[in-house]
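Given next are the chains, with one letter for each unit.
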Amino acid sequence: MAKVLLEVKELTTKYITRFREDVYAVDHVSLKVEEGKTLGIAGESGCGKSTLALSLMGYYFAPLHYTSGEIIIDGRNISKMDPDDIRRSILGAEISYIPQAAMNALNPTKKIIRFIEDVILAHDPKITKKEIHEMARDRFETLGLPIEVLNKYPVELSGGMKQRTVIATSVILCPKILIADEPSSALDVTSQKMVIKMLQDLMEKGFIKSMIFITHELPLLYNVTDDIMVMYAGQIVEKGGAKEMVFDPLHPYSKGLMGSIIVPERGLRDVQLTAIPGVPPNLKNPPAGCRFRVRCKYAKFECAHTVDLNEIEGDRFYRCVYSEEELREAYKND
Amino acid sequence: MTEDKKPCLSGSGLTKVFGFGSQRVVAVDHVDFDFYEGEIISIVGESGSGKTTLAKMLLGLINITEGEIYFRGKKRDIGTHKKKLAYWKDIQAIFQDPYSSFNIFNKIDSLFLDCIKMRGGGNLPREKKVEMMTEACSFVNLKYDELTNKYPFELSGGQMQRLMIARIFLLQPKILLADEPTSMIDACSRATILDMLMKLRDDIGMTIIFITHDIGLAYFVSDSVYIMEHGKIVECGCADDVILNPREPYTRRLINDVPKIHEEWDLSTV
């Protein structure tokens, strides 16, 4: 077994609203990412994907608060560390995060190279500007980005180029783990492909060791990741290898999710799209027991009790009261 | 595409030029098309290929530089405001961003009342109007009672997009132009939205024009597909022909770039 780079144990984080209500957007989530692997996280809007990504950094700011659980990066527990320490020594250097719509984060009045200088100087105040420039030029060359970009303002770049610049900048310190939250959602297919290609380059050339990839676009997830984790209402509902998850999902929710895939391939035109009725529960007071129960067509009385994550062979987990055979039987009869 | 079908919207030599001199940009370049009644058409292209400009011309939101649009066999005439309003009874649109598609000062109730008024139901009794609004809301799985006193921004993105469809249900236009209707919402709600649009097509025999960069979506929903590159239509025809046996290199590249689940996704051709 390869080295485990990131281990998360029962992590729970909450948002505190203006009215002092607790919203648990990440609820007892455990996961492991091994070296050289990519973990994908899928789910509807509002299921806690992005909050999980934010929580994994270990750096919390209001309204997000840490409640319980542990985050261990390469053997080092960061969940009890001082926020300032985390900022100085973990963020960017050990774990790096590309937020949604990251390309809008570039300061329009600063050239790209100034932005990179800022990032590096924050971690290593002694480094000279010449060294930084060399480092940036070197990195851009390796990744196949034009070097002229460094001396341009963000407004002069296209969306895809901005996104790639942000990614290149965020991994300039060679973090062990990269968390990419919807890195290609606002781009067209060709730019999307370039971004994905670059992420794979980063892995191959060893600038990052492993990656967590968040998106709701399932065909993309399938192509990029090794393992897929499906989240629903702040909890993990199913986890398994990418191929098994897409072609043979077990949990009724994952089943519904995989039924909404649209790809331009022969014969897939006559596939019936499955839409899951209803809306996700409000996380202010999530329903007891299985959270998917209200929208699930297989729901029965026992679903109202707490449902644990079951492990089955092949390192797969799912959260349902039914056994594997019962679920397969139910899908066959549909 | 059967021969006896009438084209309900067609264009010949449609051109739009922005700017002049060195700044001259030909956004749409001599485009010809025939959209038939009751069909679902997709216009596919990358960002900047002129899809949205074409849509705006079809809607009559911007002037046409050259060429003609024929609406139900007759030359389209929207020279005056009155004629424009009459035209908009027959052609309506859903936009990409549901958040900016509504007037934030109007409650949802008044939004629906406007639609009823536009269809000439302004003098109906209140009960009848409420009945119509309730029907429209239930068509898109929303509850009218919960919405009546709300503002659009109090809803989620998916709900707003469905509200847009409820509007279309009330207006019952002949043609619906859907400009990237599902790009801002997640895959699961996308299935719901597509289902509703299909149902609308079957119920009121609407022609739907999808404008999208998602070639998978285009393949899934449409009868015929138009591929646009730099303002020109490079390939068109029935969906199976175009997507499964593309002739143009541009179409081939677009299809190659989409991640697939049964075939290998070739990353080396970037």
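Computed from a predicted model, the values in this text were never measured in an experiment.

Participant: Give a detailed account of the sheet that holds strand 12 (residues 316–318) of chain A, specifying residues and quantitative values.
Facilitator: Residues and elements named next belong to chain A. On the basis of which strands lie adjacent, the open sheet formed by 8 strands has the order 6-7-8-3-9-10-12-11 and mixed pairing. Two strands bound the open sheet, and with one partner strand each, they are strand 6 (95–98) and strand 11 (310–312). Strand-to-strand, the axes of this sheet are offset by a mean angle of 20 degrees, without reference to chain direction. The sheet contacts of helix 1 (residues 49–56) involve strand 3 (38–42), strand 6, strand 7 (177–181), strand 8 (210–214) and strand 9 (227–232), and relative to strand 6 the element is tilted by about 150 degrees.

Participant: Before we move on, could you go through the sheet that holds strand 3 (residues 40–44) of chain B and cite the residues and values that matter?
Facilitator: Residues and elements named next belong to chain B. Taking strand neighbours across the sheet as the criterion, the 6 strands line up as 6-7-8-3-9-10 in an open arrangement whose pairing is mixed. Looking at strand neighbours, the two that pair on one side only are strand 6 (91–94) and strand 10 (232–238), the edges of this open sheet. Going from strand to strand, the sheet's axes swing by 15 degrees on average, the running direction of each strand aside. As judged from the 5 bridges shared by strand 7 (residues 175–179) and strand 8 (residues 207–212), these two strands associate in the parallel manner. If you follow isoleucine 175 over to strand 8, its bridge partner there is threonine 207. Contacts from helix 2 (residues 81–90) reach strand 6 and strand 7 within the one sheet, and its direction differs from that of strand 6 by about 65 degrees. Most of the contacts of helix 6 (residues 157–171) go to strand 6, to which it runs at about 170 degrees, and overall it touches strand 6 and strand 7.

Participant: Tell me about the state of the cysteines, and name the residues and values.
Facilitator: Applying the stated criterion to the full structure yields 0 disulfides over all chains. Here A:Cys296 stays free of any disulfide, with the sulfur of A:Cys320 as its closest cysteine sulfur at 6.3 Å.

Participant: Quick rundown of the nonpolar core? Include the residues and the values.
Facilitator: Soluble globular proteins tend to bury their nonpolar side chains together. One finds A:Ile116, A:Leu199 and A:Phe213 to be the most contacted residues of the largest nonpolar core, which totals 78 residues. Looking at this core element by element, the count peaks at 6 residues for helix 6 (residues 189–204) of chain A. A:Leu199 has contacts with A:Ile167, A:Leu178, A:Pro183, A:Met211 and A:Phe213, leaving out every residue within four places of it along the chain. Ranked by size, the runner-up nonpolar core spans 43 residues in total, among them B:Phe102, B:Leu170, B:Phe220 and B:Val221.

Participant: A description of the packing of helix 5 (residues 159–170) of chain A against helix 6 of chain A should follow, citing residues and the corresponding values.
Facilitator: Residues and elements named next belong to chain A. Between helix 5 and helix 6, whose axes approach to 9 Å, the crossing angle comes to 15 degrees. With respect to helix 6, the element helix 5 is oriented roughly parallel. Judged by the sense of rotation from one axis to the other, the crossing of helix 5 with helix 6 is right-handed. For the pair formed by helix 5 and helix 6, the contact residues are Gly160, Gln163, Arg164, Ile167 and Ala168 on the first element and Ser191, Met194, Val195, Met198, Leu199 and Leu202 on the second.

Participant: Go over the side chain of B:Thr15, please, and point to the residues and values.
Facilitator: Residues and elements named next belong to chain B. Summarising the element assignment, threonine 15 is placed in strand 1 (residues 7–18). According to the relative accessible area criterion, threonine 15 is buried, its value standing at 3%. Separated by 3.2 Å, the side chain of threonine 15 and the backbone oxygen of glycine 13 make a polar contact. Among all residues touching threonine 15, those that are not within four sequence positions of it are Val26, Val28, Asp29, His30, Met57, Ile64, Thr65 and Glu66.

Participant: Help me get a handle on the pairing of strand 3 of chain B, residues and values and all.
Facilitator: The side chains of a regular strand alternate between the sheet's two faces. Residue and element names in this part refer to chain B. Of all 5 residues in strand 3, 5 are buried; the element is thus mostly enclosed. Residues Ile40, Ser42 and Val44 point to one face of strand 3 and Ile41 and Ile43 to the other, with burial holding for every one of them. Strand direction decides the pairing type here: strand 3 and strand 9 (residues 224–229), joined by 4 bridges, are parallel. Counterpart to isoleucine 43 in the pairing with strand 9 is tyrosine 226.

Participant: Explain the pairing of strand 3 of chain A to me, and be specific about the residues and the numbers.
Facilitator: Residue and element names in this part refer to chain A. Of all 5 residues in strand 3, 5 are buried, a share of seventy percent or more. On strand 3, burial covers both faces: Thr38, Gly40 and Ala42 on one face and Leu39 and Ile41 on the other are all buried. Bridge analysis of strand 3 against strand 8 gives 4 bridges, and the strand direction is parallel. Across the sheet, residue isoleucine 41 finds its bridge partner in strand 8, namely isoleucine 214. Pairing analysis gives 4 bridges linking strand 3 to strand 9, with the strands arranged parallel. Counterpart to isoleucine 41 in the pairing with strand 9 is methionine 229.

What counts, and where the lines are drawn
- Throughout this document, residue positions are counted from 1 along each chain, in the order its sequence is written.
- All chains are assigned letters beginning with A, and all ligands numbers beginning with 1, in the order in which they are written.
- Where local features are concerned, this predicted model is filtered to residues with pLDDT of at least 70; where side-chain atom pairs are given and counted, the filter is 80 or more; whole-chain, interface and lining totals use all residues.
- As a rule here, side-chain values come from all non-hydrogen atoms in the structure, and water together with hydrogens is ignored.
- At least two bridges found by DSSP between two strands are what make those strands a pair.
- By definition, any uninterrupted DSSP run of H or I lasting at least four residues is a helix, any uninterrupted run of E lasting at least two residues is a strand, and each is numbered from the N terminus.
- Here the axes come from fitting lines to C-alpha atoms, over the contacting stretch only for helices, and the angles between their N-to-C directions go from 0 to 180 degrees.
- Contact definition: two residues touch when any of their heavy atoms are within 4.5 Å.
- Here, two cysteine sulfur atoms that lie within 2.5 Å of each other are counted as a disulfide.
- Throughout this description, the term nonpolar core refers to a set of buried Ala, Val, Leu, Ile, Met, Phe, Trp, Tyr and Cys residues connected via side-chain atoms within 4.5 Å.
- Relative accessible area decides the class of each residue, using a 1.4 Å probe on protein chains only: under 20% of the type maximum gives buried, over 50% gives exposed, and in between gives partly exposed.
- When describing relative orientation, an angle under 35 degrees is termed roughly parallel and one over 145 degrees roughly antiparallel, while 65 to 115 degrees is termed roughly perpendicular and anything else oblique.
- A clockwise turn of the near helix away from the far one marks a right-handed crossing, whereas an anticlockwise turn of less than a right angle marks a left-handed crossing.
- Contacts described as polar in this section are N or O atom pairs within 3.5 Å, which, within protein, must combine one atom able to donate a hydrogen with one able to accept it, while residues neighboring in sequence count only if both atoms come from side chains.

Any functional reading would require information that these geometric values do not contain.
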